[in-house]
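Overview (structure and organization)
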Amino acid sequence: MPYRIFIKYCVSCLLFAIMSFAFPPFAVQAAESTLALVKERGHLVCGVSQGLPGFSSPDDKGNWRGLDIDLCRAVAAAIFGDVEKVKFAPVSSKVRFTALQSGEIDLLVRNTTWSMHRDTALGADFVAVNYYDGQGFMVRRDTGVKSALELDGASLCTNAGTTTELNAADYFRANDMNYEINTFENANESVAAYAAGRCDAYTTDQSALYAYRLQLRDPDAHIILPEIISKEPLGPVVRQGDAQWGDIVKWSHYAMLTAEELGVNSTNVDAMRKSKNPTIRRLLGIEGSFGDNLNIPADWAYQIIRTVGNYGESFARNLGKDSPLKIERGLNAQWNKGGLQYAPPIR
């Protein structure tokens, strides 16, 4: 080896050794670990909506309730065994991804649609779908409108910074109809504008339409049109580059789905720990060590089910038969009951 090349080679090796010693590859990863930050802080910070009944909204005592809230609590239970170790940060649809990217929140669970652009261009990862939805329209009953195809020339109200604007544009263009759209910072402003007659129709996810209709002075004076014009898979979002954190959030949701499928719920979970069914025993941490790779306790799923319940319990009390919304399970039924909710096996 020529002398000069030898010297350059040795200098490169020396620099590599110094950099490796000063900045070991796992040190950077550990410093950026969301789980480590959450544990050090002592609680999770979960970004939620500013108030969407059924998904995330405070009750009359200021306690947050909803399907998204339950998932936030499930993650806290998996990590700490305590559903109270979570703080909720209301964020608008316009700033939700900025709040996640900046580290203001650890997790975004805010009825947020999983799309290719959001999943690839915003430094964010969608890790599950906790509600399958679709965009619809609400109009006043006395207009006589029965179909979205009768909305040619209508004015629409919706939230700024959401997929609803593009969906509406695509739908009206595809059906050769004209429209105008008025966007607002948050859903409360949009609904207030619709209620005040500033637009002919309010458009957003259909589940939200059912929720906001209940808040109007005379809910029966408004109807939700039958058309669903988009696919809106709603789910939790984490920052890119932290696979372990994404896995914790993902499997917290899957644990709730698996529990429902196996008939394990918040009232029988302690008795189920004595089950001889190996699938149930793995779920509840009696067999296996499925918390190890996530760096959380072995009974992480047991803590979720004990304190939050399974997915079916959460759906029923927030959106379904035990809630004011009375939304049918539909696409959100278990896979073996005609729905799309499906959890990979814990094994």
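Residues numbered from 1 in each chain as written. Predicted model: local features only at pLDDT ≥ 70, side-chain atom pairs only at ≥ 80, totals over all residues. Heavy atoms only, no water.

Let's talk about the packing of helix α10 (residues 243-262) against helix α13 (residues 300-307)
For the pair α10 and α13, the least separation of the axes is 10 Å and the interaxial angle reads 65 degrees. Pair α10 / α13 crosses with right-handed handedness. The residues of α13 that touch α10, namely those facing W251, S252, A255, M256 and A259, are W300, A301, I304 and I305. Here the contact of α10 with α13 is composed, by residue class, of eight nonpolar, one polar and no charged. (Axes fitted to C-alpha atoms, helices over the stretch in contact; angles between N-to-C directions. Helix = DSSP H or I, 4+ residues; strand = E, 2+ residues; numbered from the N terminus. Left-handed = near helix turned anticlockwise from the far one by under 90°. Contact = heavy atoms within 4.5 Å. Nonpolar A, V, L, I, M, F, W, Y, C, P; charged D, E, K, R; others polar.)

What to know about unusual backbone geometry
The phi dihedral of N111 falls on the positive side, at around 30 degrees, and the residue is not glycine. Its location among the elements puts N111 in the loop between β5 (107-108) and α6 (116-121). Notably, K326 is not glycine yet its phi reads approximately 55 degrees, a positive angle. Mapped onto the elements, K326 comes out in the segment after α14 (311-318).

Digging into the environment of Y342
Looking at the secondary structure, you find Y342 in the segment after α14. Given the relative accessible area of 51%, Y342 is considered exposed. For the pair Y342 and E261, spaced 81 residues apart in the sequence, the C-alpha separation amounts to 9.1 Å. Leave out the neighbours within four places in its chain, and Y342 touches Y254, L257 and W335. (Buried < 20%, exposed > 50% of the residue type's maximum accessible area, 1.4 Å probe, protein only.)

Description of the packing of aromatic side chains
Applying the stated criterion across every chain, the model contains 12 aromatic pairs. Considering the side-chain rings of F172 and Y179, the 4.6 Å spacing of their centres and the 35 degrees angle between planes classify their relative orientation as tilted. Using a relative accessible area of 0% as the deciding quantity, one classes F172 as buried. Cluster of aromatic residues (ring-pair linked, three or more members): F55, Y131, Y311 and F315. The ring of F315 carries R329 above its face, with NZ or CZ at 5.1 Å from the centroid. (Phe/Tyr/Trp six-rings, centres within 6.5 Å; stacked < 30°, edge-to-face > 60°. Lys NZ or Arg CZ within 6 Å of the ring centre and 35° of its normal.)

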